[in-house]
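Overview (structure and organization)
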Amino acid sequence: MAGGKVHPDLVALFPTVVQRSAGDGVGAGESFLAHALDQHALVSVANTDEKILYVNDRFAQISGYSKAELVGQTHRILRSAEQPASLYEDLWAKITNGETWYGEVKQIRKNGDPYWVKATVVPFFSPDGRPEKFLSIHTDITESKRAEAQLQRQLSFDLIKDEIYLFWPDTLEVFYLNQSARIRLRIRRGSKISLTPAKLLHGVTKRDFRSHLQPLLAGGSKWITFEAEHKQPDGQIAPAEVTIQLIRPHGEEPRFLAHVRNISKRKQAEITKRQFISNISHELRTPLTAIRGAFGLIKTGLALNGAKQAVQLSEMGLKNTARLEALIENLLDMERIAAGRMMSKMGRVVLDEVITGAISGVADYKSSKQVRVVFVAQGDPVCVKGDAIGLSRVFGILLSNAIKFSHDGGRVEIRVRRDGARIAVSVCDYGIGIPEHFKPDIFTPFTQADTSDTRRSDGAGIGLVIAQSIVEEHGGSIKVHSTEGEGTEVSFFLIPCAEEAQILSSEAIG
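My aim in this report is to walk through the structure given alongside it, one point at a time. Quick caveat: nothing in here was measured; it's all calculated off a predicted structure. (Residues numbered from 1 in each chain as written. Predicted model: local features only at pLDDT ≥ 70, side-chain atom pairs only at ≥ 80, totals over all residues. Heavy atoms only, no water.)

**Here we look at the sheet that holds strand S11 (residues 255-262)**
Put simply, the rule reads: Strand pairing requires that DSSP identify at least two bridges connecting the strands. A run of H or I in DSSP counts as a helix once it spans at least four residues, and a run of E counts as a strand once it spans at least two, with each numbered from the N terminus. The contact definition used throughout considers only heavy atoms, calling two residues in contact when any of these lie within 4.5 Å. A fitted line through C-alpha atoms serves as each axis, taken over the contacting stretch for helices, and the angle formed by two N-to-C directions is quoted from 0 to 180°.
Reading across from one edge, S7-S6-S11-S10-S9-S8 is the order of the six strands in this open sheet, with antiparallel pairing throughout. Two strands close off the open sheet at either side, each with one partner strand: strand S7 (174-177) and strand S8 (201-202). Pairing between strand S10 (residues 237-247) and S11: eight bridges, direction antiparallel. Residue Ile244 lies in a different strand from S11, and its bridge partner there is Ala258. Sheet contacts for helix H6 (residues 142-158): strand S6 (163-167), S7 and S11; angle to S7, the most-contacted strand, approximately 60°.

**Comments concerning the packing of aromatic side chains**
What counts, and what does not: In this scheme Phe, Tyr and Trp rings, the latter by its six-membered ring, pair at centre separations within 6.5 Å, and the angle between planes marks the pair as stacked below 30 degrees, edge-to-face above 60, and tilted otherwise. Here's how the labels work: a residue is buried when its accessible area is under 20% of the maximum for its type, exposed when over 50%, partly exposed in between, all with a 1.4 Å probe on protein chains only.
Throughout the structure, instances matching the rule amount to six aromatic pairs. Judged by centre distance (5.3 Å) and plane angle (25°), the ring pair of Phe167 and Phe256 falls under stacked. Within this pair, whereas Phe167 is found in strand S6, its partner Phe256 is found in strand S11, the two being separated by 89 residues in sequence. Here Phe256 falls in the buried class, since its relative accessible area comes to 0%.

**Let's talk about the environment of Arg285**
Here Arg285 is to be found in helix H10 (residues 264-300). Using a relative accessible area of 51% as the deciding quantity, one classes Arg285 as exposed. A sequence separation of 39 residues divides Arg285 from Leu324, and the C-alpha atoms of the two residues are 9.9 Å apart.

**Re the state of the cysteines**
Short version of the rule: What counts as a disulfide here is a pair of cysteine sulfur atoms lying within 2.5 Å.
Overall, the coordinates contain one disulfide when judged by the stated rule. Between the sulfur of Cys383 and that of Cys497 lies a disulfide, 2.2 Å long from S to S. Highlighted residues: Cys383 in strand S14 (residues 383-386) and Cys497 in the loop between strand S18 (487-494) and helix H16 (498-509), separated in sequence by 114 residues. Relative accessible area serves as the criterion here: at 3%, Cys383 is assigned to the buried category.

**Description of unusual backbone geometry**
Even without being a glycine, Leu172 presents a positive backbone phi close to 65°. Within the secondary structure, Leu172 sits in the loop between S6 and S7. One non-glycine residue, Arg186, lies in the positive phi region at around 60°. By the secondary structure assignment, Arg186 is in the loop between helix H7 (179-185) and helix H8 (197-200). Relative accessible area serves as the criterion here: at 66%, Arg186 is assigned to the exposed category.

**Observations regarding the side chain of Arg255**
The condition is simple: Throughout this description, a polar contact denotes any pair of N or O atoms lying within 3.5 Å of each other; where both atoms belong to protein, one of them has to be capable of donating a hydrogen while the other can accept it, and for residues adjacent in sequence the pair is counted only when both atoms sit in side chains.
Structurally, Arg255 can be placed in strand S11. Reaching out from Arg255, the side chain makes a polar contact with the backbone oxygen of Glu253 at a distance of 2.7 Å.

**Looking at empty space enclosed by the protein**
Quick reminder of the rule: A pocket, in this scheme, is an open set of points on a 1 Å grid over the protein atoms alone with protein on both sides within 12 Å along at least 5 of 7 lines, while a cavity is a set where a 1.4 Å probe fits but cannot get out; residues line either one if an atom lies within 4 Å of a point. Grid points are joined across faces, edges and corners, and a volume is the space filled by probe spheres set on the points. Following the grouping adopted for this structure description, the nonpolar residues are Ala, Val, Leu, Ile, Met, Phe, Trp, Tyr, Cys and Pro, the charged ones are Asp, Glu, Lys and Arg, and the polar ones are all others, Gly among them.
Within the structure shown, the criterion is met by one cavity of 30 Å³ or more. Each pocket or cavity is described by its volume, and for the largest cavity that value is around 70 Å³. In terms of lining residues, the largest cavity is bounded by Tyr165, Phe167, Pro197, Leu200, Leu201, Phe209, His230, Val242, Ile244, Ala258 and Val260. In the lining of the largest cavity, the residues fall into 10 nonpolar, one polar and no charged.

Any functional reading would require information that these geometric values do not contain.
Below you can see the structure in the form of structure tokens.
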């Protein structure tokens, strides 16, 4: 390390500016100001070659270098690689031009630790008016920068929708929680916090929680993730995913950061996925079994007692093939709905014809249960603005459901009536009805009231979702009214076509 002459104080360097007063020690005149400056600030002096000529005790103490190690060096020995070169270029350009430079600078101690200073660099002029030395007065602002960084981190945490907690490793006491956590726990900003992570998690003891933290404390893991139950202020329990890491901010005490995410929707999606797989497996297995059985009998000839038997087996195969095609079409419709591609081609539609066609389409289904379907029409055929194919799908789905959940020999009614400026449609059955607990989920895809493998009714649990989407394309919404053990009514409104609207208008005037 290059050395140099260590100047004893500022007086030797700037005799015309700072002079010692007569008398004992310091405490009077300008020398007292120099002494006070030494107590507060980090002071250094450099020449026009950037060589350090002087540093005070506080400068040496904060930087970690001795005075002898610093004098003769340039300030580059303290530079942080994170500071842009343009900062130092601007500094040097100003002070060599005779101007004072102000700014905040991140520097590096001898041991590698960073620190921040607020700097003022003032040029000292020679008798001929040129800068010959530069006095740097620095104030250590490391703590305020640290507090500023912590505040910025906390403001960033407040933007996260999940809950963030900071807590101490020794006591597990939470000392910070972000806005999402404060809102859920109903804790105001600035209020006293009396929490530990174990208190937030249902069924997790402090000992259990410490066991989760052990791999982090031992250094074997950078973070840990586990699932737990999250206690809500109202006493409700929700599933949560908890991710914890041990962070060590420079110059601060280590602390744990816990990221808590409510995974109720994910868990519901997993349940829906399992139900979907179960439903689809059932829906595929049933017709495939019938088809395989029919063709197996045809192949062996064991059940062929003539052409009539062969026709019956072929019809069974075709019927179940159609069932598979309908299932595939429904699945494709679900994909179209999810992608927003369920488009309807609107035009003039005679609703009576659509309904009659839908009743014919479920003929095989209703005959197997001896259910009678009745179309309660209102006089002349009703014309609506709609998509004939889409409305046929709606009535097919609603009629299939009504027949499916009717008692053998039961009755299903389709009612159409003019209601003001709208056409009211309803499909009613007098069957088993919908269980009260299942009503909130009737429009949830792939769900059924009976999810057992031995359920009596078929279906993948997507028909009503498709029907609802088509009706919404027509400007309406499906309403379901059901009483368990008594039956179900599904209703919606359609927009009349232009000529129908004129009829409705005339009736309203008359």
